[in-house]
Amino acid sequence: MKIPFNYLPQEFNKSYSQKIFKEWEKLIKTSEFTLGPFMENFEKKLADYVGAKYCLATNNGTDALILSLKAMGIKKNDEIITPTNSFYATTGAIVAVGAIPVMCDVDNNYQLSIDDMISKINKKTKALLPVHWGGASPDMFKIMQVAKKFKLKVIEDSCMAIGGRIHGKSPGTFGEIGAFSMHPLKSLNVMGDGGAVVTNNKKIYLWMKKYRNHGMVNRDNIDIWGVNYRMQPLQSIVAIEGLKKLNSVIKKRKKNADHLSNHLKNIKGVINIPMQKKGYDETYALYMILCEKRNKLKNFLIKNNIEVKIHYPIPLHLQKAYKSKYKKIKLQNAEFQAMHLLTLPVHQFLEIKHMNFILKKIEEFYKKN
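Definitions and limits used
Residues numbered from 1 in each chain as written. Predicted model: local features only at pLDDT ≥ 70, side-chain atom pairs only at ≥ 80, totals over all residues. Heavy atoms only, no water. Pairing = 2+ DSSP bridges. Helix = DSSP H or I, 4+ residues; strand = E, 2+ residues; numbered from the N terminus. Axes fitted to C-alpha atoms, helices over the stretch in contact; angles between N-to-C directions. Contact = heavy atoms within 4.5 Å. Phe/Tyr/Trp six-rings, centres within 6.5 Å; stacked < 30°, edge-to-face > 60°. Buried < 20%, exposed > 50% of the residue type's maximum accessible area, 1.4 Å probe, protein only. Lys NZ or Arg CZ within 6 Å of the ring centre and 35° of its normal. Core = buried A, V, L, I, M, F, W, Y, C linked by side-chain atoms within 4.5 Å. Expected span 1.5 Å × (residues − 1). Bend = angle between axes of the 7 residues up to and from the residue. 1 Å grid on protein atoms, 1.4 Å probe; cavity = no way out; pocket = protein on both sides within 12 Å on 5 of 7 lines; lining within 4 Å. Points joined across faces, edges and corners; volume = space filled by probe spheres on them. Nonpolar A, V, L, I, M, F, W, Y, C, P; charged D, E, K, R; others polar.

Student: Give a description of the sheet that holds strand E7 (residues 177-181) that names residues and reports values.
Tutor: Read from one edge to the other, the open sheet built from seven strands follows the order E1-E8-E7-E5-E4-E2-E3, with strand pairing classed as mixed. In the strand order of this sheet, the two ends are held by strand E1 (54-58) and strand E3 (100-104), each with one partner. With strand direction ignored, the average angle separating the axes of adjacent strands in the sheet is 25°. Where strand E2 (residues 79-83) lies against E3, five bridges are found, and the strand directions are parallel. Among the inter-strand pairings, proline 83 is bridged to a residue of E3, identified as cysteine 104. Sheet strands touched by helix H8 (residues 202-212): E1, E7 and strand E8 (195-199). Its angle to E1, the strand with the most contacts, is close to 20°.

Student: Any details on the packing of aromatic side chains? Residues and values, ideally.
Tutor: Enumeration over the complete set of coordinates arrives at 14 aromatic pairs. Centre to centre, the rings of phenylalanine 300 and phenylalanine 365 are 5.5 Å apart; their planes meet at 45°, and the pair counts as tilted. Of this pair, phenylalanine 300 sits in helix H10 (residues 294-303) while phenylalanine 365 sits in helix H13 (residues 352-368), and the two are 65 residues apart along the sequence. A relative accessible area of 17% means that phenylalanine 300 is categorised as buried. Among the aromatic residues, those joined into a ring-pair cluster are Phe87, Tyr88, Trp133 and Tyr312. Lying across the ring of tyrosine 280, lysine 277 places its NZ or CZ 4.2 Å from the centre.

Student: Which residues make up the environment of methionine 72, and what values do they have?
Tutor: Position of methionine 72 relative to the elements: it lies in the loop between helix H4 (61-71) and E2. Leave out the neighbours within four places in its chain, and methionine 72 touches Lys153, Ile155, Glu176, Ile177 and Ile204.

Student: Residue-level account of the sheet that holds strand E14 (residues 341-344), with values.
Tutor: As a general point, the strands of a sheet are linked pairwise by backbone hydrogen bonds and lie either parallel or antiparallel. What the three strands build is an open sheet, ordered E11-E13-E14; its pairing is antiparallel. Edge positions in the sheet fall to strand E11 (270-272) and E14, since each of these pairs with one other strand and no more. With strand direction ignored, the average angle separating the axes of adjacent strands in the sheet is 50°. Pairing of strand E13 (residues 287-291) with E14, which is carried by four bridges, proceeds in the antiparallel orientation. Bridge pairing links methionine 288 to threonine 343 in E14. On top of the sheet, helix H9 (residues 233-264) reaches E11, E13 and E14; it is set at about 15° to E13, its chief contact.

Student: Give me the lowdown on the nonpolar core, citing residues and values where you can.
Tutor: Core analysis: the largest hydrophobic core is formed by 31 residues, its most contacted members being Phe42, Leu46, Ile162, Met182 and Leu188. Mapped onto this core, the elements with two or more residues apiece are helix H2 (14-30), helix H3 (37-50), E1, E8 and H9. Not counting residues up to four positions away in its chain, the partners in contact with phenylalanine 42 are Ala57, Met182, Leu188, Met231, Ser236, Ala239, Ile240 and Leu243. If you look at the next biggest cluster of nonpolar residues, it comprises 27 residues, including Ala257, Leu301, Val308 and Leu342.

Student: Break down H9 for me, with residues and values.
Tutor: With 32 residues, H9 extends 43 Å from end C-alpha to end C-alpha; this agrees with the ideal 46 Å at 1.5 Å per step. The largest bend along H9 reaches roughly 55° and is located at lysine 245.

Student: Kindly report on empty space enclosed by the protein, identifying the contributing residues and their values.
Tutor: Summed over the entire model, instances satisfying the criterion amount to five cavities of 30 Å³ or more. Taken as a whole, the largest cavity encloses approximately 120 Å³ of empty space. In terms of lining, the largest cavity is formed by 15 residues, of which the most central are Ala136, Pro274, Glu282, Leu286 and Met288. For the lining of the largest cavity, the class distribution of residues is nine nonpolar, five polar and one charged.

Student: Give me the layout of surface pockets: which residues, what numbers.
Tutor: Here the idea is plain: a probe the size of a water molecule rolls over the atoms and shows the empty space left. Of the pockets and cavities examined, the largest pocket occupies roughly 560 Å³. For the largest pocket, the lining is made up of 35 residues, of which Met160, His183, Leu185, Lys186 and Tyr312 are closest to its centre. When residues of the lining of the largest pocket are traced back to their parent elements, those giving at least two are H4, helix H5 (88-96) and E14. Taken together, the residues of the lining of the largest pocket break down into 18 nonpolar, 13 polar and four charged. In this structure, the second largest pocket occupies an estimated 270 Å³ of space. Along the wall of the second largest pocket there are 18 residues; nearest its centre are Glu40, Glu43, Leu56, Tyr205 and Lys209. Residue assignment for the lining of the second largest pocket shows that the elements contributing at least two residues are H3, E1 and H8. Looking at which element gives the most residues to the lining of the second largest pocket, the answer is H3, with six residues. Looking at the lining of the second largest pocket, its residues break down into eight nonpolar, two polar and eight charged.

The structure is reproduced here in structure tokens:
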């Protein structure tokens, strides 16, 4: 039995692709290749889906983060607190606007440690940048309380969390701005890169809308020096199709993840399975466990045609790009997790029989090792 991590060939099958091609034909006839009604339609649908007043589609999730930071007035040498176990883009966006990333540790659910976050706040801190890592979420209610107390801005890296809910509220709608990604392996994906920002603040929205399109107010005038962060309308059509099935995709992923969680806890050698918090609905972009002899287990599973990944073996504060510029720090939980993390496939094209095969092979490995 082969269990792939990459499900894109199955998702973009002939039937699904034909739906997209038909909509592309409509767009091509209009020649609305820059901004236009097709992209505006997607922005409205995504805003409605997550429960935000305003949405702007961007060319990728990284630029969605950079746009968010710029819109919040983050400038050179401002300190932004963010967890160390995110993808490179989170901290990369902070550095891109000239700010200083302040790394904090994580909890047993791989989410930002609020206690460590609080300990890092000082007079130079301008914003908090929590990450909904793996499609799960940190305690955004506490984070917003802390932000209010210290008068800090909150920008959410919700790139993996489209379709998630925290007591009914969407990730990305707690802080001033939320950034999303539609990279092919996100819960909502396009054929390449795509992203979006959401906000309930009209003033921020209008500034981002202008900056995203070279600072233009019309064809002949600009108010500010901006850049091109626009999503391609062809991709917005793919995203609209993805939105139609997103809830069912997440439901299927949850079924697979729950099955693994219920049985992995009985296997000796599995150190930690993240707790599913009441009222928190994840997207299961990543299903991660901590396990003993991680590297040997990884190789064993791959040898048995189970494609697994590590997200990620080196935390950001231990990367060369960070260590060469900033003060050396130790973040105990994140470093321990990096040595024991393993990401198992739970995507929507897998069935319970596949989960049982994964469980069988993990149990087999620990009996022998």
